Amino acid sequence: MPGFVAQRLLYLVPVLLAVSLLTFLIASLLPGDLAYVILGDQATPDKVAALRHDMGLDQPIWWRYLSWLGNVLQGDFGRSFRTGQTVLQAVMERLPVSLELMLLAQLGALAIGIPLAIACAVRSGSAFDRFMTGSAFSMLSVPAFLSAILLIYLFAVELRWLPATGYVPFSEDPVGNLRCFLLPALTLALGEWPVLMRVLRSDMIATLQEDYIAMARAKGLKPSRILLVHALKPSSLTLVTVTGINIGRLIGGTVIVESIFALPGIGRLLLGAIFTRDLIILQGVVLFVACGYVLMNFVVDMLYAVLDPRIRHGHA
Amino acid sequence: MRAVSGARVFAQIVVAASGIALFAGAANAQKQGGSITVGLELDITGFDPLKVGVFDTAAGTAAASIFDTLTYLDDKGVAQPKLALSWSHSEDFKTWTFKLRPGVKFHDGSPFNAEAVKANFDRQKDPANKCRCAFYISGIKDAQAPDELTVVYNLNDPSVNFPAIVTIQSSNWVMQSPTAWKTKGDEYNRNPVGTGPYILKSWSAGDRMVLERNPDYWNKGRPYLDRIVLKPLPDAQSRFASLQSGEADLIWDDEYDADNIQKAQKDPKLTVHTYVGSGAQVYAFNTKTPPFDDVRVRQALVMAIDRKKMSQAITNGLSRPASNPFGDGSWVKCKDDGALATDVEKAKALIKDYGKPVEFKMLVTATPRGRNVGQVLQQFWKQVGADMEIEQVDQATIVPRAFMRQFQLTPWRIIDLADPDPQMFANFRSGSPVALANYANPELDKLLDRARVTADQAKRIEDYCSVGRIINQEAIWFWTFQNTYYALSSAKLKGFPKMYGGVIDVSNVWME
């Protein structure tokens, strides 16, 4: 096992380097020179030239990348030229919000997806199964910005049960905090559960045809025990992968959802950085999110090995 | 052709916008206490001019409550005393002396005095600080503090309406505590200290800023509310939903959100606050490049624009057509501004008369709004036989392209300011870095030079109307729509002033 972990960790190094290079290139190749952005309506040619020199923008791109990478490796991601905040400060301030949102969304998606998947697998081919797989497909095609607005209209404007926008820290008011997160988490979960449900359903149908399930039935075990204990764990391998990969998708989803519900998370930071052309924050946040995604996949790999011993012994 | 006389002008200035909740009249009983939540469009980045350069509209709202300015603009657009009690000027309007209000303290207890005003100015002016804000005070040579309560500004160029110019709650003119920025250093940006009616209590990034009533405010009895909560609500739909559901009492809006504004107009529980400011959305032809070196082409393109249709296409009819660069919010009212009327046939004839094919590129900001406007203009011009190609560029790129005159036709902006001089002079006086049209006309220069040193407003109006006529007839620039600002609020919110410069100032509102 330690060998396996070390090997996987080693793989991470080139991946993370590639991520940092891409992040830097994307930010550098965006139209609109940083010097023009900072100078705004005073961007006379000589002022631009002077500022470019001050900021090192007149250096070759590979040199700028290496010096940025060097700083990043020392933990210095840079400082926003607009707020004076360091990237690390800005990210840390907003990270808890995004993590809570992703966690709740994922839990919500699992809470909807797993029971439905089991129910469908048991009655596979029935009218219920066909209806559910059909609705899962249509839910998948509803974009988050649409479901968000519909949920706001229903629960905030018409029924007035939940707030349309806003955020209360958990430490201040736990109930209020959860109320704020309910609609955004549900919005994300509505887009996530169909994938989880369909993956688990097909794996479960396959598992239910295994001999040992027939054996368990023959022994007279309770159907619920067979389903939840004997069939669920071996069927959940793909589910774990998909859940992990979906975290990445969720990070993308939070950009939209956090803006609509005005949650002060990473997604909003990213969007704000794009609008205000705060390239240093932008570059830092993208790197941070990409690293998070890569690490999440690493964790999924590890989890996989725990769930299926064949993988950690290299027989997969 | 006669310009309107001064007295008539004053009578006309009274209400610049319909549906506006006018400033507190005697009939309104102001209610003390309570709190409001304001939904803004953007995250506020900070208040230190050296860091943020200039305030955007969101920062302006907070700044209007935390800080005071020397003067404020009353409902008629006239400068009134705030931190300054009175002012006087030299014969040539190049020296302005302000007498300050005694006994005012910053929130940190340090005294507000002439030294503080001078320190604010010097910090921004100092070339070593490289403040982006310095551009807007480049016309001021220095500030002096001859005694505790006297400030003297020495200007490079005359400015007859200087006290009105310093009313704007921009990073240049709000008074910040020198003690605070010296002691807090980098942290000052997010911990601003002013003399204003509200004190910053807490601020969590991206979420909310809480302002508490300043119990020691120099203006006794003000402000009315105990607390103001400012929240960035970036999405227009959910921002409006928050207003409908009562989570927000007032929200920022703009005419591109026409659906919701029109919905709010029909809702008795909501009030739509509108302010039509001075200035306009404007476009400049580069008259040194063909085909715009020929006046017939420029005139034809301007005549081809049907602003009513355009307004319908881009904002559901909310945008107000502009026929001059002054706007309904300006005290410059012209009987005849010389605007070329929409006339497709005449435009076609002019293009035909020109004889050569009319093909050109127009700079357009690479945003949905920018593209939309570009496409509508493209259609108008196609109708008259002119072929415009849209060149999408980043917002930040337009400015240097304009400075270097690397364009044929570019969008620009004349913002809402209390006096037309700064922008008219910069945009149209030959030799100015942003006289984008590359157009020189001694008559135009003479009028602009004279208007800035004339004290008599009626005479200034006459001159500015002549300026407008020359520009319209020569078609070196054109205007599409006036600067219109919107805020939507609960009908219970009262005392909301005009949105000068697009700033939502809630420092004197109350809830019924």
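In this text, all values refer to a predicted model and were calculated from it rather than measured experimentally. (Residues numbered from 1 in each chain as written. Chains lettered and ligands numbered in written order. Predicted model: local features only at pLDDT ≥ 70, side-chain atom pairs only at ≥ 80, totals over all residues.)

1. Looking at the overall build of chain B
Put simply, the rule is: Helix numbering and strand numbering both begin at the N terminus, where a helix is a DSSP run of H or I of at least 4 residues and a strand a DSSP run of E of at least 2. Radius of gyration here uses only the C-alpha atoms, and the compact-globule reference equals 2.2 Å multiplied by the residue count raised to the power 0.38. Whether a residue is buried, exposed or partly exposed follows from its count of other C-beta atoms within 10 Å of its own C-beta, namely 20 or more, 12 or fewer, or something in between, respectively; the C-beta atoms are built from the backbone. It is the C-beta atoms, placed from the backbone, that decide contacts: two residues are in contact if theirs lie within 7 Å.
Counting its secondary structure elements, chain B contains 16 helices and 18 strands. At 23 Å, chain B has a C-alpha radius of gyration in line with the 24 Å of a compact globule built from 512 residues. Considering only C-alpha atoms, chain B reaches an extent of 70 × 55 × 45 Å along its principal axes. The buried share of chain B, taken over its 512 residues, is 54%. For chain B, the proportion of contacts with a sequence separation of at least 24, taken over those separated by at least 6, is 72%.

2. Details of the interface of chain B and chain A
Quick note on the threshold: Residue classes follow a fixed rule: Ala, Val, Leu, Ile, Met, Phe, Trp, Tyr, Cys and Pro count as nonpolar, while Asp, Glu, Lys and Arg count as charged, and any other residue, Gly among them, counts as polar.
Taken together, the contact between chain B and chain A spans 34 residues of the former and 39 residues of the latter. Every element with two or more residues in the side of chain B that touches chain A is listed here: α2 (49–52), β10 (227–232), α7 (236–244) and α13 (395–403) of chain B. Here the side of chain B that touches chain A is built from residues that sort into 13 nonpolar, 12 polar and 9 charged.

3. Describing unusual backbone geometry
Residues and elements named next belong to chain B. With an omega dihedral of -15°, the bond running from Arg222 to Pro223 counts as a cis peptide bond. Locating Pro223 in the fold gives a position in the loop between β9 (208–213) and β10. Of note, the amide linkage connecting Pro290 to Pro291 takes the cis form, showing an omega dihedral of 5°. Locating Pro291 in the fold gives a position in the loop between β12 (270–285) and α9 (295–303). Even without glycine at this site, Asn316 takes up a positive phi of about 60°. Tracing the sequence through the fold places Asn316 in the loop between α10 (307–315) and α11 (344–354). Assessed through the 15 C-beta atoms surrounding it within 10 Å, Asn316 is described here as partly exposed. Phi at Asn438 is positive, roughly 60°, even though this residue is not glycine. Counting through the fold element by element, Asn438 comes out in the loop between α14 (421–428) and α15 (442–451).

4. Looking at the pairing of strand β1 (residues 35–40) of chain B
Residues and elements named next belong to chain B. Selection rule: Note on pairing: two strands pair once DSSP finds at least 2 bridges between them.
A large share of β1 lies buried, amounting to 5 of its 6 residues. Pairing geometry for β1 and β10, over 6 bridges, is parallel. Bridged to Ile36 within β10 is Ile228.

5. Focus on the packing of helix α8 (residues 174–208) of chain A against helix α10 (residues 223–235) of chain A
Residue and element names in this part refer to chain A. The line we're drawing: Note on definitions: angles span 0 to 180 degrees between N-to-C directions of axes, and those axes are lines fitted to C-alpha atoms, for helices only across the stretch in contact. When describing relative orientation, an angle under 35 degrees is termed roughly parallel and one over 145 degrees roughly antiparallel, while 65 to 115 degrees is termed roughly perpendicular and anything else oblique. Should the near helix be turned anticlockwise from the far one by less than a right angle, the crossing is termed left-handed; should it be turned clockwise, right-handed.
Running from N to C, α8 and α10 point in directions that differ by 125°, and their axes come no closer than 9 Å. Classed by the angle they form, the pair α8 and α10 counts as oblique. When the axes of α8 and α10 are compared, the crossing they make is right-handed. Residues Leu200, Asp203, Met204, Thr207 and Leu208 of α8 form the contact with α10, whose own contacting residues are Ala231, Pro234 and Ser235. Class assignment of the residues belonging to the contact of α8 with α10 gives a composition of 5 nonpolar, 2 polar and 1 charged.

6. Structural notes on the sheet that holds strand β7 (residues 150–155) of chain B
Residues and elements named next belong to chain B. One open sheet accounts for 4 strands, arranged β4-β5-β7-β6; its pairing is antiparallel. In this open sheet, the two strands that pair with only one neighbour each are β4 (84–89) and β6 (140–147). Each strand axis lies, on average, 20° off the axis of its neighbour in the sheet, ignoring direction. Across 5 bridges, the pairing between strand β5 (residues 95–100) and β7 is antiparallel.

7. Considering the confidence of the model for chain B
Heads up, the rule is: Looking at any residue, its pLDDT shows the predictor's confidence there, from 0 to 100.
When pLDDT is averaged along chain B, the result is 91, and 95% of the positions lie at 70 or above. pLDDT under 50 marks residues 1–27 of chain B. Its contacts with residues more than four places away, or in other chains, come to 46 contacts.

8. Overview of α15 of chain B
Residue and element names in this part refer to chain B. Using the following cut-off: For this quantity, the arc is that covered by the directions from the helix axis to the C-beta atoms.
Among all positions of α15, only Leu444, Leu447, Leu448 and Ala451 are buried. The arc that holds every buried residue of α15, seen down its axis, measures 95°, which confines them to one face. Residues Pro442 and Lys446 are exposed on α15 and point more than 90 degrees away from its buried face. Check the buried side of α15 and you find it contacts α14 and α16 (457–474).

9. So, the packing of helix α7 (residues 144–158) of chain A against α8 of chain A
Residue and element names in this part refer to chain A. Axis separation between α7 and α8 bottoms out at 9 Å; the angle between their running directions is 135°. Relative to α8, α7 is oriented oblique. Considering only the axes of α7 and α8, their crossing is right-handed. Where α7 abuts α8, its residues Ala144, Ser147, Ala148, Leu151, Ile152 and Phe155 lie against Leu183, Leu186, Thr187, Leu188, Leu190 and Gly191. Tallied by class, residues from the contact of α7 with α8 come to 9 nonpolar, 3 polar and no charged.

10. What to know about the environment of Pro422 of chain B
Residue and element names in this part refer to chain B. For Pro422, the position within the fold is in helix α14. Taking the C-beta count within 10 Å as the criterion, Pro422 has 18 such neighbours and is therefore assigned partly exposed. Not counting the four nearest positions on each side in its chain, Pro422 is found in contact with Ile165 and Leu417.

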